[in-house]
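Observations on the model geometry
This is what each chain is made of:
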Amino acid sequence: MNAAIIFGLLLALMLTGMPISISLGLTVLSFLFFMTDVPIDAVALKLFTGIEKFEIMAIPFFILAGNFLTHGGVARRMINFATSMVGHWHGGLGLAGVMACALFAAVSGSSPATVVAIGSIILPAMVAQGFPKNFGAGIITTSGALGILIPPSIVMVMYCVATTGHPQAASIGQMFIAGVVPGILLACFLGFTTWFRARKFGYPRLPKASFAQRMHALRESFWGLLLIIVVMGGIYSGIFTPTEAAAMAAVYAFFVAVFIYKDMPLSRVPKVLLDSASMSAMLLYIITNAVLFSFLMTSEQIPQNMAAWILDQNMGVWVFLLVVNIILLAAGNFMEPSSIVLIMAPILFPVAMKLGIDPVHFGILIIVNMEVGMCHPPVGLNLYVASGITKMGITELTVAVWPWLLTMLIFLGLVTYVPAITLWFPRMLGFM
């Protein structure tokens, strides 16, 4: 009964158009004030302790690093490198877009940043070369979603923060290394769809780049690509923690953008800092209210009761995972990824653990669901970002993305029911 009241109130507040973070906070305060004897002092304490986690500090630093890279010419050099490698295949610039999104995702950790950085450069080039606008828009909107699957990923940090109180919770390091193979595999899936459609409709190809041209493009993009080694190598060699790696990434991205590539004058740095602070504040506010919501869930025993009910139904792992996918895909219709992870992970995670599902596999499954949610209406974040770049309507973009969206759904099914895709690489390296 209490669960129905809580979720009914949350849904009612969200339907008024209120921001999700405020809806969460008001739901918690209303329920605690009118339905329980929990002192409001406890709420204030929980607000403070909820974001007093070392891991959360990684989020503002990864956002800052992504913003420096977006404005610092790194994306353009990555596109040139990708074009030199795959531009001569069918739909060459489209394939270069997929590859560039995967590379930029590995240094930015953000899907919208990937869509903006790669899309704003490659889409005009594709149109100029004779590609239909909707073909390029479909590629960039869906490939940009790789930003939250290929490490480092801000949403992976959110998942670890949301499940941190559970004894079986995965670490950020485990999640990052587990995202490598699924991320590369999804990029290959999206690339195949791009190549197949380009070949079918006879879209243009570029002349094959010489070895010297490829080496020149690699040298040009080297400093941006090196960030992948700095972050991932630093974490897994034990030189620094994921949070320290995020701080290193921000400093490195600043240095590369301002002093090596010199694409960003020092006068623009304050604006980048301000934009990053604004986005970080928004995410931290969502996290704070989601932590409160999780506290309410736990105090009302809702996750435990849900776990007991599901176990009583003799719901197998296959059926449970199917239900989780349906719930998350449905939530993706009206919420953005950070909010979904912070609300749903604390509820679904204990159930998954009781059914014997690996916490890392479960986390990657949630992330892939979030990727799909970012690419379909009505609130697909990547759709809105791509709409701003392409000047296309949301309906038109929705039609444009469907072949790649279908590919992502097929990939989601594979990740859900073949855990080895996620787990073999971290196990091989001894991280699990």
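Calculation criteria
- Counting starts from 1 at the beginning of each chain's written sequence and moves along it residue by residue.
- Totals for whole chains, interfaces and linings use every residue, but because this is a predicted model, local features are given only for residues with pLDDT of at least 70 and side-chain atom pairs only at 80 or more, for both listing and counting.
- Side-chain measures here rest on the full set of heavy atoms in the structure, leaving out hydrogens and waters.
- Working definition: helices are DSSP H or I runs of at least four residues, strands are E runs of at least two. Numbering for both runs from the N terminus.
- In protein, a polar contact means a hydrogen-donor-capable atom and an acceptor-capable atom, both N or O and within 3.5 Å, with residues adjacent in sequence counting only if both atoms are side-chain atoms; elsewhere, any N or O pair within 3.5 Å suffices.
- Between two residues, a contact is recorded if the distance between any of their heavy atoms is within 4.5 Å.
- Any Lys or Arg side-chain nitrogen located within 4 Å of an Asp or Glu carboxyl oxygen qualifies as a salt bridge.
- Only protein chains enter the accessibility calculation, which uses a 1.4 Å probe. A residue is then buried if its area is under 20% of the maximum for its type, exposed if over 50%, and partly exposed in between.
- Note on disulfides: each one is a pair of cysteine sulfur atoms within 2.5 Å.
- Pairing of aromatic rings covers Phe, Tyr and Trp, the last through its six-membered ring, and needs centres within 6.5 Å; plane angles under 30 degrees mean stacked, over 60 mean edge-to-face, and all others mean tilted.
- Consider the ring centre and the ring normal. A charge sits over the ring if Lys NZ or Arg CZ is within 6 Å of that centre and within 35 degrees of that normal.
- For the purposes of this section, nonpolar cores are sets of buried Ala, Val, Leu, Ile, Met, Phe, Trp, Tyr and Cys residues that join through side-chain atoms within 4.5 Å.
- Lines fitted to C-alpha atoms define the axes here, with helix axes fitted over just the stretch in contact, and angles between the N-to-C directions of these axes take values from 0 to 180 degrees.
- Convention used here: angles under 35 degrees read as roughly parallel, angles over 145 as roughly antiparallel, angles from 65 to 115 as roughly perpendicular, and any remaining angle as oblique.
- In this count, Pro and Cys sit with the nonpolar residues alongside Ala, Val, Leu, Ile, Met, Phe, Trp and Tyr, while Asp, Glu, Lys and Arg are called charged and the others, Gly among them, polar.
- One less than the number of residues in a helix, times 1.5 Å, gives the span that helix is expected to have.
- Patches were defined on residues exceeding 30% relative accessible area and lacking a salt bridge, with like-charge contacts within 9 Å and nonpolar side-chain contacts (Val, Leu, Ile, Met, Phe, Trp, Tyr) within 5 Å.
- In this description, accessible areas are obtained by the Shrake-Rupley approach with a 1.4 Å probe, and a residue is regarded as covered only by the protein chains that are shown.
- Less than a right angle of anticlockwise turn of the near helix away from the far helix marks a crossing as left-handed, whereas a clockwise turn marks it as right-handed.
- The score called pLDDT rates the predictor's confidence residue by residue, from a low of 0 to a high of 100.

So, about the side chain of His88. With respect to the element layout, His88 can be found in the loop between helix H5 (74–86) and helix H6 (92–108). Polar contacts involving the side chain of His88 include one to the side chain of Trp89, which spans 3.0 Å. In contact with His88, other than residues within four places in its own chain, are Arg205, Leu206, Pro207, Lys208 and Arg214.

Bringing the pattern of salt bridges into the picture now. Counted by the stated rule, this structure contains 4 salt bridges. Between Arg77 and Glu220 there is a salt bridge, with the nearest N and O atoms lying 3.8 Å from each other. Placement of Arg77 in helix H5 and of Glu220 in helix H12 (residues 211–236) is noted, with a sequence separation of 143 residues between them. According to the relative accessible area criterion, Arg77 is buried, its value standing at 8%. Through salt bridges with shared partners, a single network forms among Arg76, Arg77, Glu220 and Asp263.

Turning to the state of the cysteines, a few remarks are in order. Taken as a whole, this structure holds 0 disulfides when the rule is applied. Just so you know, Cys188 is unpaired, no disulfide at all, and the nearest cysteine sulfur is the one on Cys101, 14 Å from it.

Let us now look at the packing of aromatic side chains. Evaluated as defined, the whole model comprises 19 aromatic pairs. One aromatic cluster is present, built from ring pairs that chain together Phe131, Phe135, Phe201, Tyr203 and Trp404. In this arrangement the basic side chain of Arg77 is found over the ring face of Tyr261, its NZ or CZ atom lying 3.8 Å from the centre.

The biggest cluster of nonpolar side chains holds 155 residues, and the ones touching the most others in it are Ile118, Tyr159, Phe176, Phe320, Leu328 and Phe362. Setting aside residues up to four positions removed in sequence, Tyr159 forms contacts with Met175, Val341, Ala345, Phe349, Pro359, Phe362, Gly363 and Ile366.

Each α-helix turn comprises 3.6 residues. Residues three or four places apart therefore point the same way. Among the 9 residues that make up helix H9 (residues 154–162), 9 are buried, leaving the element largely enclosed by the rest of the structure. Taken as a whole, H9 has its buried residues at Ile154, Val155, Met156, Val157, Met158, Tyr159, Cys160, Val161 and Ala162. Buried residues along H9 sit in contact with helix H4 (58–71), helix H10 (172–178), helix H14 (269–299), helix H17 (337–354) and helix H18 (359–373). Two or three places before Val155, at the opening of H9, Ser153 has a side-chain oxygen 3.3 Å from that residue's backbone nitrogen.

Where helix H8 (residues 133–143) contacts helix H11 (residues 180–201), the two axes come as close as 11 Å, and the packing angle between them is 175 degrees. In terms of their interaxial angle, H8 and H11 are classed as roughly antiparallel. Along the contact surface, H8 presents Phe135, Ile139, Thr142 and Ser143, while H11 presents Leu190, Thr194, Arg197 and Ala198. Here the contact of H8 with H11 is built from residues that sort into 4 nonpolar, 3 polar and 1 charged.

A few words on the environment of Ala169. Turning to its location among the elements, Ala169 is positioned in the loop between H9 and H10. Sequence separation between Ala169 and Ala277 is 108 residues, and the spatial gap between their C-alpha atoms is 29 Å. With residues up to four places along the chain from it excluded, the contact list for Ala169 reads Thr163, Thr164 and Phe349.

Moving on, we get to H5. In this model H5 runs 19 Å from its N-terminal to its C-terminal C-alpha over 13 residues, within 8% of the 18 Å that 1.5 Å per residue would give. Burial of H5 is extensive: 10 of the 13 residues sit out of reach of the surface. Buried residues of H5: Val74, Ala75, Arg77, Met78, Ile79, Phe81, Ala82, Thr83, Ser84 and Val86, and no others. Those residues of H5 hidden inside the fold are in contact with H4, H6, helix H7 (111–129), H12 and helix H13 (242–260).

It is worth spelling out a nonpolar patch on the surface at this point. Among the surface-exposed residues, Leu29, Phe33, Phe34, Met35 and Ile40 lie close enough to one another that they form a single nonpolar patch of about 540 Å² accessible area. On the basis of relative accessible area, Met35 is assigned to the partly exposed category, the value being 46%.

Note on placement: Asn369 falls in helix H18. A distance of 2.7 Å separates the side chain of Asn369 from the side chain of Asn325, its partner in a polar contact.

Let's shift gears to the packing of helix H15 (residues 302–312) against H17. Relative orientation of the contacting elements H15 and H17 amounts to 40 degrees, with a least axis distance of 9 Å. Between H15 and H17, the crossing angle belongs to the class labelled oblique. Here H15 and H17 pass one another in a crossing that is right-handed. Between H15, through Pro303, Met306, Ala307, Ile310 and Leu311, and H17, the contact on the second element is made entirely by Pro346, Ile347, Pro350, Val351 and Lys354. Residue composition of the contact of H15 with H17, grouped by class: 9 nonpolar, no polar and 1 charged.

The omega torsion across Pro151 and Pro152 is -5 degrees, close enough to zero to call that bond cis. The phi torsion at Lys262 lies on the positive side, around 55 degrees, for a residue other than glycine. Its place among the elements puts Lys262 in the loop between H13 and H14. Classification of Lys262 as exposed rests on a relative accessible area of 62%. Backbone geometry places Lys391, a non-glycine residue, at a positive phi of 60 degrees.

With that out of the way, let us pick up the confidence of the model for the protein chain. Considering every residue of the protein chain, the mean pLDDT works out to 87; 100% of them sit at 70 or more. The weakest mean pLDDT in the protein chain belongs to helix H3 (residues 40–50) at 75; the strongest belongs to H11 at 95.

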